[in-house]
Amino acid sequence: MNPALVSARARGLTPYTPGEQPQDKTYIKLNTNENPYPPAPAVQTQLRESIAEELRLYPDPNSTQLREALAGHYQLTPEEVFVGNGSDEVLSFAFYAFFDPHNGPVLFPAHTYSFYPVYCTYYGLEYRKIPMGEDFSVRLSGFSEQDTFSGVIFPNPNAPTGIAISREQIAAFLGSARSDRVYVIDEAYVDFGAESCSGLVREFPNLLVVHTFSKSRSLAGLRLGFALGNPELIATLFTVKDSFNSYPLNRLSQQLALRALENKSYYEKMQEKIIETRERTVDRLRTRGWNVLPSSANFIFASAPGIDGGTLYSDLKQRGILVRHFNHTGIKEFVRITIGTDEQMDRLLADLDALYSK
Ligand code: PMP
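Residues numbered from 1 in each chain as written. Predicted model: local features only at pLDDT ≥ 70, side-chain atom pairs only at ≥ 80, totals over all residues. Heavy atoms only, no water.

Q: For this particular structure, what's the right way to read the packing of aromatic side chains?
A: Here the structure, examined in full by the defined rule, presents 26 aromatic pairs. Pairing F95 with Y116 gives two aromatic rings, centres 6.1 Å apart and planes at 35°, and the pair type is tilted. Placement of the pair is F95 in helix α4 (residues 86–98) and Y116 in helix α5 (residues 116–122), with a sequence separation of 21 residues. Neither F95 nor Y116 differs from the other in exposure class; each is buried. Where Y113 meets F115, the ring centres are 6.0 Å apart and the plane angle is 65°; that geometry is what we call edge-to-face. Taken together, the aromatic side chains of Y16, F95, F99, F108, Y113, F115, Y116, Y119 and Y127 make up a single cluster linked through ring pairs. The ring of F213 is capped by R217, whose NZ or CZ atom sits 5.0 Å from the centre of that ring. Here the basic side chain of K273 rests over the ring of Y37, its NZ or CZ set 4.6 Å away from the ring centre. (Phe/Tyr/Trp six-rings, centres within 6.5 Å; stacked < 30°, edge-to-face > 60°. Helix = DSSP H or I, 4+ residues; strand = E, 2+ residues; numbered from the N terminus. Buried < 20%, exposed > 50% of the residue type's maximum accessible area, 1.4 Å probe, protein only. Lys NZ or Arg CZ within 6 Å of the ring centre and 35° of its normal.)

Laid out in C-alpha cells, this is it:
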C-alpha cells in the first residue's frame, strides 16, 4: 500500500495486544480475567425479553437510568457517574481529558496494565514508569517524588500482580499530592477483596475511580465500564465522549447493566466463590514451592521454581489451558492465572503435576 495513504499519527501507533482468544479448539481460558460464572439469571431473562423492535431507535445518549442506578449503588449522584463501552473506553477518554502533554509525563507503576502506554502514544503523551517495591507492590511515594507530571494512573489491585493498597494509604497519598493534577484509580478488580476508593471522590475533586462490569459482574462480552468522580471531571468526560461518539452505550447494554446492578447478592456470592477458589489455589501452588504474590483480584501472578514463565505458558497451552505470560524484563518468570471454577483449577493443578513433578 502507498504509505502516503496512512497518517503519520497512525503509523506511529503500537496497539495493545489483548490476551489471545483462539478459535482452534476449546481451551480452559485462564488468560483474560473473565469471570467463570454466568451473569445473574435476571440479566439472562432481560436478554430474552428485550424487544428487538426498539433497536430501530437510538439509545439514551446520556445513559440516564443506568447512571442513576450506579449513583444509588455507590451513594453518589448521577452527575458523579460516567459510563462507556468497557473501562478501556472510559480510560481512553480520561487520558485525553485530564493528562496534558505540556505538563509532563503520565506516571504509572513499572509493571501495570499494558494499555496505559498505548493510550499515551495515541494521545502524544510521554510517560514515566515508577519503580515498584521489591515485593512488587506499588510505591505511592514513588509518585510523590516526581515534581513534573501530567497525571497519575494505577490499578488497585494492580495488574498483573493482584496486589492491593489500602484505602487509607491512598487517602493519605491524595491528601499530600498536587491538587492541580488528576489521579485515576483503575478499580477493574476491586470487588475481589480490595477496598474501593469510590467513597473518596467527594473528598478529592481530582480523583477519578474507574470500574468495569467485565470482571465481577460477568459481562466482559457486553463492554461496559464507568467512572466515578467530581461532577466537573464527569462533565469533561461527557464533552470528550460527545466529541467522539454521542451514543456509545447501546440500548441492550443499558438494560442488561441495570439488571446486573439489581442483583447485588448474586454477584457477591460469585465473588466469594472466586475468592475461596483463589485462596485454595494459592495454598496448593505454594505447597508445590511456587512463589505466588498476595492477590486481591480474580487472578494470581505466580512463578514456579526453576521453570521459565514462557515454558509454563506453552506447556499448559499444549494441554488445552491458557494462561497469560508477559515477556517483560523483571516479570518473565511469572504467569498470570485467572481464577476459574474449582474444577478448572483442579485440572490446572493436575496438569502441572503431570508436567513437572518428578
Ligand atoms: N483495567 C485493567 C487493569 C484491566 O486489566 C482491564 C482488562 N483488560 C481493563 C481495565 C479493561 O476492562 P474492560 O474494558 O473490559 O472494562
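Moving on from the model shown.
Q: How should the pattern of salt bridges be read in this particular structure?
A: Here the structure, examined in full by the defined rule, presents 19 salt bridges. With a closest N to O distance of 3.3 Å, R139 and E145 form a salt bridge. Classification of R139 as partly exposed rests on a relative accessible area of 28%. A relative accessible area of 53% means that E145 is categorised as exposed. The shortest N-O distance in the salt bridge between E279 and R278 comes to 2.8 Å. Classification of R278 as buried rests on a relative accessible area of 5%. When salt bridges with common partners are traced through the structure, they connect R280, R284, D342 and D346 into a single cluster. (Salt bridge = Lys/Arg side-chain N within 4 Å of Asp/Glu carboxyl O.)

Q: It is not clear to me how the environment of L174 should be interpreted in this structure. Could you clarify?
A: Relative to the helices and strands, L174 is located in helix α7 (residues 167–176). The spatial distance from the C-alpha of L174 to the C-alpha of L140 is 9.5 Å, given a sequence separation of 34 residues. When residues no more than four places from it in sequence are discounted, the contact partners of L174 are Y183, F204 and L207. (Contact = heavy atoms within 4.5 Å.)

Q: How should the site of the ligand be read in this particular structure?
A: Close contacts around the ligand come from G86, S87, D88, L91, Y113, D186, A188, Y189, T212, S214, K215 and R223, and that covers them all. Between the ligand and Y113, the relevant distance is 3.2 Å, taken from a nitrogen atom to a side-chain nitrogen or oxygen of the residue. Taking T212, its side chain carries an N or O atom lying 2.5 Å from an oxygen atom of the ligand. Relative to its unbound accessible surface of 410 Å², the ligand loses 92% to contact with the protein. (Near = heavy atom within 4 Å. Polar contact = N/O pair within 3.5 Å; in protein donor to acceptor, adjacent residues only side chain to side chain. Areas by Shrake-Rupley, 256 points an atom, 1.4 Å probe, with all protein chains shown as cover.)

Q: Would you take a moment to explain the domain arrangement of the chain for this structure?
A: When the parts of a complex come together, some accessible area is lost, and that lost area is often taken as the interface size. Taken domain by domain, the chain consists of domain 1 (17–38 + 265–356) and domain 2 (41–262). The distance between the C-alpha centroids of domain 1 and domain 2 comes to 25 Å. In this complex, domain 1 contributes 26 residues to the contact, which on the side of domain 2 involves 25 residues. Taken together, the two surfaces of domain 1 and domain 2 that pack against each other cover about 2,100 Å², and 62% of this comes from carbon and sulfur. The largest share of the area that domain 1 buries against domain 2 comes from Y267, Q271 and S296, three residues that together contribute 28% of it. The tally of links from domain 1 across to domain 2 stands at 0 salt bridges. Every element with two or more residues in the side of domain 1 that touches domain 2 is listed here: α10 (264–287) and β10 (299–303). A total of 6 residues in the side of domain 1 that touches domain 2 trace back to one element, the largest contributor, which is α10. (Domains from an automatic or database assignment. Buried area = accessible area lost by both parts, 1.4 Å probe.)

Q: Sorry, what's going on with the side chain of Q271 here?
A: In this structure, Q271 sits in helix α10. Q271 sits in the buried class, given a relative accessible area of 11%. Excluding its chain neighbours within four sequence positions, the residues that come into contact with Q271 are D191, F192 and S216.

Q: Where do I start with the nonpolar core in this structure?
A: Generally speaking, nonpolar side chains in soluble globular proteins are found buried as a group. By size, the foremost hydrophobic cluster in this structure holds 75 residues, and its most contacted members are L66, L70, F143, L207, F213, W290 and I337. Here this core takes 6 residues from α10, the largest share from any one element. Residue assignment places this core across two domains, with domain 1 (17–38 + 265–356) and domain 2 (41–262) each supplying three or more. Once residues within four sequence positions are removed from consideration, L207 is found in contact with L174, Y183, I185, C197, L200, V201, L228, G229, N230 and L233. Grouped together as the second largest cluster of nonpolar side chains are 28 residues, F99, I153, L208 and A227 included. (Core = buried A, V, L, I, M, F, W, Y, C linked by side-chain atoms within 4.5 Å.)

Q: Where do I start with the packing of helix α2 (residues 41–49) against helix α9 (residues 251–262) in this structure?
A: Two quantities define a packed helix pair, namely the angle between the axes and the distance from one axis to the other. Between α2 and α9, the least distance of the axes is 8 Å, while the angle of their chain directions is 150°. As summarised for this structure, α2 and α9 are arranged roughly antiparallel, according to the angle between their axes. The hand of the α2/α9 crossing is right-handed. Residues A42, V43, Q46 and L47 of α2 form the contact with α9, whose own contacting residues are L252, Q255, L256, R259 and A260. (Axes fitted to C-alpha atoms, helices over the stretch in contact; angles between N-to-C directions. Parallel < 35°, antiparallel > 145°, perpendicular 65-115°, else oblique. Left-handed = near helix turned anticlockwise from the far one by under 90°.)

Q: Please clarify how the sheet that holds strand β5 (residues 151–155) should be interpreted in this entry.
A: Strands belonging to one sheet form pairs held by backbone hydrogen bonds; the direction of such a pair is parallel or antiparallel. The sheet built from 7 strands is open, its strands ordered β2-β8-β7-β6-β5-β3-β4 with mixed pairing. Only two strands of the sheet have a single neighbouring strand rather than two, namely β2 (81–84) and β4 (127–130). Between one strand axis and the next, the sheet turns by 20° as a mean value, whatever way the strands run. Pairing of strand β3 (residues 106–109) with β4, which is carried by 4 bridges, proceeds in the parallel orientation. Within the sheet, the bridge partner assigned to P109 lies in β4 and is I130. Where α4 meets the sheet, it contacts β2, β3, β5, β6 (182–186), β7 (207–212) and β8 (225–229), and its direction lies at approximately 160° from that of β7. Where helix α8 (residues 231–242) meets the sheet, its contacts fall on β2, β6, β7 and β8, and the angle it forms with β2 comes to roughly 30°. (Pairing = 2+ DSSP bridges.)

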